[in-house]
Amino acid sequence: MESKIYEGRGLSTGIGIGPASIMPDLNYQFKEVHIYHDSVEKELERFNQALENTKNSTRKLRDHVTNTLFDDLGQLFTLQESLLEDPGFTGRVVLLITEDQLCAESAVMKTMKQLEEQFVEKTSGKPQSTRAIDFLDAGMRLLGHLEAPISRPRLPHGGVLIARRIAPSVAVFLDDYEIEGLVVENTNRSSHIAVVAQSLEIPTVGLTSENFYRDIKVGCPTIVSANRNRVYLNPDEQQLATHREAQKSFRQFTTSICQETNKIDPDNLPLQIRGNLGLMEEIPLLEKYGGRGAGLVRTEFLFLGHSTDMPDEAIQAEIYHRLARFVAPEPANLRTFDFGGDKETFKEPDEVEGRGIYRELFNHDLLRAQLRAMCRAYQENRNISIMLPLVGTLEEIEQVKQLLQQFAREKSWEIPPLGIMVEIPSVYFALDDILPEVDYISFGTNDLMNYLLGADRFGSPVADSVNFPDPSLFGFMEMVIEKAKNNRVSTALCGEIGANPLFTPVFVGMGLDELSMAPMRIPEVKLVASRCPLEKARELARTALNITCRRQNKQWIREELGPYVQEILREKSIPLEGREFDYYEQEE
């Protein structure tokens, strides 16, 4: 058969090789079965007993995950537990049994199907849309306790697993089946399947190509190259040999690098290395990979995966409190909700257009509730700080500070430190006025590159501007860092380019105080930061800053910077392409 390569998105690092096993997608196929009136009470009893059994099995699943993986991965089942307790769900089932006289199985199937369709419609295009699988998962397990004649996909042993969606109750057992690699339809690195894959160290690529799912057949030789964001179908002998060697080298490399970086004293590094978090379940990964606190917490993702409604102040405060407690004494930099553009909101679509703090200041109630929740959590967690996204003017900061000062007066609260994200180039012209008003700044390079170059952040992953940053990025950063240092304001970078160890020496040499990234990317960056002498880093930064065109930048990275970093990592067999990280996030 013809060899094909599909471009996707690496959700977990590594290389998986083996024959393809295809898991059928979960789906309901049912007919409405009616009962006699005198059987209603019996069906209600059957439903209630099955519901209680499903609740118990969900708690056992949560405990299994907590005991075998990481504590907070038990949060995977939060939505399912909420659903099983929701009167809106149980009430519908009871009504269908009592009024429509459906059997318990048919009532559950019909209700779950309706809820799933409503959820998918309501969340279409939104990050939380991937949680529709939770409805199917909970429904299938409930039907199992009703002893319904349903067929749940079984996990195969070994090989590469192809599954458009994987239910949480299945995903947490992947390690028991010696899966070599995984291909899923979801491409969100903060999705639950991505977090599980990272925890279990299963090479995983998110792939949306319909051609792939049409072409793949059971038993097809398959390579999951998560490091290069690719899937190879029916690879030739040369591709197989190359990837088997790379797989062996990468496994040895990842084992040794974690051992080495665990010995590194963070106080001896030239800059702090922290993690970007979007889910509570990622906190254990931060500890596993050696991150020192959360340089960026994407707060919208703490809630969007569980509800389409805005969480109230008390719920937000509790989540921020828990997160800060888990990473203490290290910092938890809580970014206020960043909606608009490609990011959805709890509000209706006719709300004020725009992005970041500009949008929030118009949606005053949303911002006020979140800032109060952050301040409330700060009273018990002094490692919390507030970070404002897409700041463009001094006035935006002043309005936020006025709200914070109002809370301080009303509640006698201490106010958290305040930082901003540098993502809009024009903010540079207001920096002299802004810097005295903030405690730190953090470069959001995903959006910054977009606005600097007029580039499409959803552009082709093979575009030069994605694989090799335009020299204007470094030049802009240098100007901002210089102003910040003159004002004694600390500087950080939390965009995806910070996760690429190729550029760690440049950022060290430029004088950044902090890098923050996806937890699984931390070990390489930490090792490069520890082994690159400061003077060498400054030399490389000067070179980067003297380059004026992208072609010259690409040549320098391939011929000088790349080989130097590979030498530091002592792993030359991992290709440079494996470090061309796509820091244009499809969904943050």
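Look a little higher up for the structure.
These numbers were taken from a predicted model, which means no experiment stands behind them.

Peer 1: When you look at the environment of Glu 410 in this model, what are you seeing that I'm missing?
Peer 2: Among the structural elements, Glu 410 can be located in helix 15 (residues 394-411). Residue Glu 410 is classed as partly exposed on the basis of its relative accessible area of 46%. A distance of 2.9 Å separates a polar atom in the side chain of Glu 410 from a polar atom in the side chain of Gln 406.

Peer 1: Sorry, what's going on with the side chain of Asp 215 here?
Peer 2: With respect to the secondary-structure elements, Asp 215 resides in helix 8 (residues 210-215). In terms of polar contacts, Asp 215 uses its side chain to reach the side chain of Tyr 6, at 2.5 Å. Among all residues touching Asp 215, those that are not within four sequence positions of it are Lys 4, Tyr 6 and Leu 233.

Peer 1: What exactly am I supposed to notice about the sheet that holds strand 7 (residues 221-225) here?
Peer 2: Note on sheets: strands pair through backbone hydrogen bonds, and any given pair is parallel or antiparallel. Strand order in the open sheet formed by eight strands is 1-8-7-3-4-5-6-2, and the pairing between neighbours is mixed. With partners counted over all chains shown, the strands left at the sheet margins are strand 1 (4-7) and strand 2 (9-12), one partner each. Averaged over all neighbouring strand pairs, the angle between strand axes comes to 30°, with direction disregarded. As defined by bridge partners, strand 3 (residues 15-22) adjoins strand 4 (residues 160-163) across three bridges and the pair is classed as parallel. By the bridge assignment for strand 4, Ala 20 is matched with Val 160.

Peer 1: Please clarify how the sheet that holds strand 12 (residues 384-388) should be interpreted in this entry.
Peer 2: With parallel pairing, the eight strands of this closed barrel are ordered in space as 9-10-11-12-13-14-15-16. Taking each pair of neighbouring strands and ignoring which way they run, the sheet shows an average axis angle of 30°. The strands touched by helix 19 (residues 471-486) within the sheet are strand 13 (418-422), strand 14 (440-443) and strand 15 (490-493), with strand 14 carrying the most contacts at an inclination of about 175°. Helix 21 (residues 522-531) rests against strand 9 (272-277) and strand 16 (514-517) of the sheet, and its axis sits at about 165° to strand 9.

Peer 1: Explain helix 5 (residues 132-145) here, please?
Peer 2: Owing to its 3.6 residues per turn, the α-helix aligns residues three or four sequence positions apart on the same side. The end-to-end C-alpha separation of helix 5 is 21 Å, in line with the 20 Å expected for 14 residues at 1.5 Å each. In terms of burial, helix 5 is largely enclosed, as twelve of its 14 residues are buried. Looking at helix 5, one finds that the buried residues are Ala 132, Ile 133, Asp 134, Phe 135, Leu 136, Asp 137, Ala 138, Gly 139, Met 140, Arg 141, Leu 142 and Leu 143.

Calculation criteria
Residues numbered from 1 in each chain as written. Predicted model: local features only at pLDDT ≥ 70, side-chain atom pairs only at ≥ 80, totals over all residues. Heavy atoms only, no water. Helix = DSSP H or I, 4+ residues; strand = E, 2+ residues; numbered from the N terminus. Buried < 20%, exposed > 50% of the residue type's maximum accessible area, 1.4 Å probe, protein only. Polar contact = N/O pair within 3.5 Å; in protein donor to acceptor, adjacent residues only side chain to side chain. Contact = heavy atoms within 4.5 Å. Pairing = 2+ DSSP bridges. Axes fitted to C-alpha atoms, helices over the stretch in contact; angles between N-to-C directions. Expected span 1.5 Å × (residues − 1).

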